[in-house]
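Coordinates in review
The lines below spell out each chain.
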Amino acid sequence: MSRISAAADPAGPLAAAPPGGAAALFRAPEGRSRSAAVGTATAPGAAGAGPGEAPTGSAHGAPLSDEGAGEGDGGPWEELVTTALLGTDRRTPPGAVPGPGAPLHLLDAAAEATLRQRAGARPDQAAERPAPAPPDPRPALPPAAAHRLALLLSDRPGPSGGRRGTAPDLRELLPQWLAAANDRGFAAPAALLPALLDAARARTDLRPAALRLAGPRALWLARLNPDWRFALRATSDGGPSRPGTEDPAAVRRLWQEGLFAERVALLAALRSRRPADARDLLAGTWATERAEDRLMFLDSLRTGLGPDDEPFLEQALADRSRNVRATAAELLSALPRSALAGRMADRATACVAMDHTRDTPTIVVEAPHACDAGMERDGIAAKAPAGRGERSWWLGRLVESAPLDTWPRRLGGRTPREIVALPVADDWQGELHAAWCRAAVRQRDPAWSRALLGDPSAPEAGGPGAVSLAERARLLATLASDERASWVAGFIETHGLSEAFQLLGVCAVPWAGPLGRAVVDALNIARDAGSYPWSFSGVMGLAERCLDPGEAVRLEALLALPDEPEDASPGAGGYWAEAFQRLVTTLRLRAVMLEELGPPRTP
């Protein structure tokens, strides 16, 4: 039933006025947009009248008063809204006769009120035109690549419950396409900038690459649209949001007067180019900043962290905010020659020693019995988190903050691998090794990372020092990409794919040849075992994005429908064939995408 015919029906929505029905027609969120839907319903009003009914309303009956259609002033418009809410059966519109023609009269009166308001509206004061967007000197995308970007940005997620079929998931290919386009130094087409910013707004993982491709015009657009203000908070990795840092006066003005997001972006940009200037800028206003702002600003010092930052960070250890003190202590502990690292080493070595009286040299641990004021000043919380014992918590914080080169000197000149292999008395091994893992990640020490990771073909999947696969993934991130891929390939060959997902996520893309072959072989073994492929959907999704596109030729042998063993899950072979077809199709598409972009830039 159309809106007008429903209105003409005595039993229609305006007569009964159900909640959200007629009232919705009169809802007016903003000025002249008010009742636009009602205004358009006036013209065909007579056609909607019932048989034998004379059309009524302001055009055919009593007119409205000469008062304007006021907004919220209790005038005729509010009278019409009240009538619509109550229903014409309970309240007759002004100037109408009770009966079946009352709903149509109400709509006509609303249309006239809307027209009267629009005709009498005064034009707004013209706003000042924004300055033109800055130019982007980078070369434009090739036409085929620009068309590909439009397709990637227009793709929408499929229904919930998992993706099936052989079509590639374009949304998952967008990050890789952006990285490749940025490597080649292209600029995004102007027409696609809004869609690119919308995609970056929806997915935080896209923001650095998307903003870099968008170029300086992204910041220009972000100032005009509140939905894109995230671009103002982008760090130097985000590209376009990097403010100019060459003019000292402009830098000081922006730091003093800019929005918080602009100040964060300015500090990050300056830190990436001139770390000392960024630190001095922050020190000048440190005492007047809010605690939550101090924490965010302090975190920017991770970029370019060096010994020159130590005096400022030492002062931050006395900050009123516990979170600021903890962050300052973490940054200082990443400087092995800092005074804080030395204090932590003295405390940690007092707790950990070698016992040579046993048949086998053994590490013995005596955890702290109290958290003194000095420990608290150096960022150690006196109260342990829920589920942790206080002494083990304090010990872990001391050991993870001590320089790793402390331990060979303390433990008899042994290498990291030899230290990790030593037994630890009284069940302190897990806590001690976990703290060493955190220290190796924080201090980016590959020798300790190798020792704690152990041999990838070892029977135990947990490793000698890593307490979890997540910890292991963080240790792997400290190694060179080739070494990382080789270690994960050995792990998969021994332990399969069930525990490899997190480890694969830290490997460089595209995967090195040995790693790619190990993954494909493990998937083939899983298929032959008769299980369903969605048990490995996470690894399969990674393979679609990370395998070298050249592996597509090798995978073609897996597209045939295999013979299912008797104990296989019903239909598993067909699902595997479909999954491998999607993998091959995606790899071929990735190869085409790279061809459209052309060769990478030469350094």
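Not measured: the values here are computed from a predicted model.

Some thoughts on the overall build of the chain
What the chain contains, in helices and strands, is 31 helices and two strands. When each of the 603 residues of the chain is scored for burial, the buried share is 47%. Here the analysis covers contacts within the chain between residues at least 6 apart in sequence; of these, 69% occur between residues at least 24 apart.

Overview of the pairing of strand β2 (residues 362–365)
Where strand β1 (residues 352–355) and β2 come together, four bridges link them in antiparallel fashion. Within the sheet, the bridge partner assigned to A353 lies in β2 and is V364. From the end of β1 to the start of β2, which pair antiparallel, there are six residues.

Let's talk about the nonpolar core
Judged by nonpolar contacts, the single largest core of 102 residues is most densely connected at I363, W407, W436, I492, L504, W511 and L515. Ignoring any residue separated from it by four or fewer positions in sequence, one finds W511 in contact with L504, G516, V519, L542, A543, C546, L547 and D548. Counting 38 residues, the second largest nonpolar core, distinct from the first, contains L173, L178, A181 and L206.

Observations concerning unusual backbone geometry
Among all residues except glycine, the phi angle is most often negative; among peptide bonds, the trans geometry is most common. Cis geometry marks the peptide bond from V509 to P510; its omega dihedral reads -5°. Relative to the elements of secondary structure, P510 occurs in the loop between α27 (501–504) and α28 (513–528).

Here we look at the packing of helix α9 (residues 193–202) against helix α10 (residues 207–214)
The angle between the axes and the distance between the axes are what describe a pair of packed helices. At a closest axis distance of 9 Å, the pairing of α9 and α10 adopts a crossing angle of 165°. Classified by the interaxial angle, the pair formed by α9 and α10 is roughly antiparallel. Crossing of α9 against α10: the hand is left-handed. Contacts between α9 and α10 involve L193, L196, L197, A200 and R201 from the first element and R207, A210, L211, L213 and A214 from the second. When the residues that make up the contact of α9 with α10 are grouped by side-chain class, the tally is eight nonpolar, no polar and two charged.

Concerning the packing of helix α7 (residues 143–154) against helix α8 (residues 170–183)
Between α7 and α8, the shortest axis-to-axis distance is 9 Å and the interhelical angle comes to 135°. Between α7 and α8, the angle is such that the two are oblique. With respect to the hand of their crossing, α7 and α8 are arranged in left-handed fashion. Together, A145, R148, L149, L151, L152 and L153 of α7 and L170, L174 and W177 of α8 make up the contact between the two elements. Class assignment for the residues of the contact of α7 with α8 results in eight nonpolar, no polar and one charged.

A word on the side chain of R590
Take R590: it is sitting in helix α31 (residues 572–597). No salt bridge is formed by the buried R590, whose closest oppositely charged neighbour, D548, lies at an N-O distance of 6.5 Å. Here the side chain of R590 touches R545 through a polar contact of 3.4 Å, landing on its backbone oxygen. Not counting residues up to four positions away in its chain, the partners in contact with R590 are L173, Q176, P510, A543, E544, R545, C546, L547 and P549.

Some remarks on the pattern of salt bridges
According to the stated counting rule, one finds 38 salt bridges in the structure shown. For R397, the salt bridge identified is with E400, shortest N-O distance 3.5 Å. Of this pair, R397 and E400 both sit in helix α20 (residues 390–401), three residues apart, roughly one helical turn. Of the two residues, R397 and E400, both sit in the buried class. Among the salt bridges present, the one from E471 reaches R474, with a minimum N-O distance of 3.0 Å. Pair noted here: E471 and R474 are both in helix α25 (residues 469–476), with a separation of three residues, about one helical turn.

Remarks on the packing of aromatic side chains
Scanning the model with the defined rule gives 11 aromatic pairs in all. For the ring pair W487 and F491, a centre distance of 5.7 Å and an interplane angle of 20° mean the geometry is stacked. Pair noted here: W487 and F491 are both in helix α26 (residues 481–495), with a separation of four residues, about one helical turn. Both residues of the pair, W487 and F491, count as buried. Ring geometry for W534 versus Y575: centroids 4.9 Å apart, planes at 65°, classification edge-to-face. With W534 in the loop between α28 and α29 (537–546) and Y575 in helix α31, this residue pair connects regions lying 41 residues apart in the sequence. On the basis of relative accessibility, which here comes to 45%, the residue W534 falls in the partly exposed class. Lying over the aromatic face of F230, R207 brings its terminal NZ or CZ to 4.3 Å of the ring centre. The lysine or arginine in question, R263, covers the ring of W255, its NZ or CZ lying 4.0 Å from the ring centre.

Description of the environment of R233
Inspection of the secondary structure assignment puts R233 in the loop between α11 (216–222) and α12 (248–257). A C-alpha to C-alpha distance of 5.3 Å links R233 and A265, two positions 32 residues apart in sequence. R233 has contacts with R207, A261 and V264, leaving out every residue within four places of it along the chain.

Concerning the confidence of the model for the chain
With 81% of its residues at a pLDDT of at least 70, the chain reaches an overall mean of 83. Confidence drops under pLDDT 50 across residues 1–73; counting only partners more than four residues distant or on other chains, this segment forms 111 contacts. This stretch, residues 235–242, has a pLDDT under 50; its non-local contacts, to residues over four places away or in other chains, come to 26 contacts.

A few points about the state of the cysteines
What the rule picks out here adds up to zero disulfides. Summary of cysteine pairing: C507 is not part of a disulfide, and the nearest cysteine sulfur, belonging to C546, is at 8.7 Å. Residue class for C507 comes out buried when judged on its relative accessible area of 7%.

A word on the environment of A552
Considering the arrangement of structural elements, one finds A552 in helix α30 (residues 552–555). Taking the relative accessible area as the measure of exposure, A552 reaches 5% and is therefore buried. Considering only alpha carbons, one finds A552 and V584, 32 residues apart in sequence, at a separation of 5.2 Å. Excluding residues that lie within four positions of it along the chain, A552 makes contacts with V584, L587 and R588.

What counts, and at which threshold
Residues numbered from 1 in each chain as written. Predicted model: local features only at pLDDT ≥ 70, side-chain atom pairs only at ≥ 80, totals over all residues. Heavy atoms only, no water. Helix = DSSP H or I, 4+ residues; strand = E, 2+ residues; numbered from the N terminus. Buried < 20%, exposed > 50% of the residue type's maximum accessible area, 1.4 Å probe, protein only. Contact = heavy atoms within 4.5 Å. Pairing = 2+ DSSP bridges. Core = buried A, V, L, I, M, F, W, Y, C linked by side-chain atoms within 4.5 Å. Axes fitted to C-alpha atoms, helices over the stretch in contact; angles between N-to-C directions. Parallel < 35°, antiparallel > 145°, perpendicular 65-115°, else oblique. Left-handed = near helix turned anticlockwise from the far one by under 90°. Nonpolar A, V, L, I, M, F, W, Y, C, P; charged D, E, K, R; others polar. Lys, Arg positive; Asp, Glu negative; His and termini not counted. Salt bridge = Lys/Arg side-chain N within 4 Å of Asp/Glu carboxyl O. Polar contact = N/O pair within 3.5 Å; in protein donor to acceptor, adjacent residues only side chain to side chain. Phe/Tyr/Trp six-rings, centres within 6.5 Å; stacked < 30°, edge-to-face > 60°. Lys NZ or Arg CZ within 6 Å of the ring centre and 35° of its normal. pLDDT = per-residue confidence, 0-100. Disulfide = S-S within 2.5 Å.

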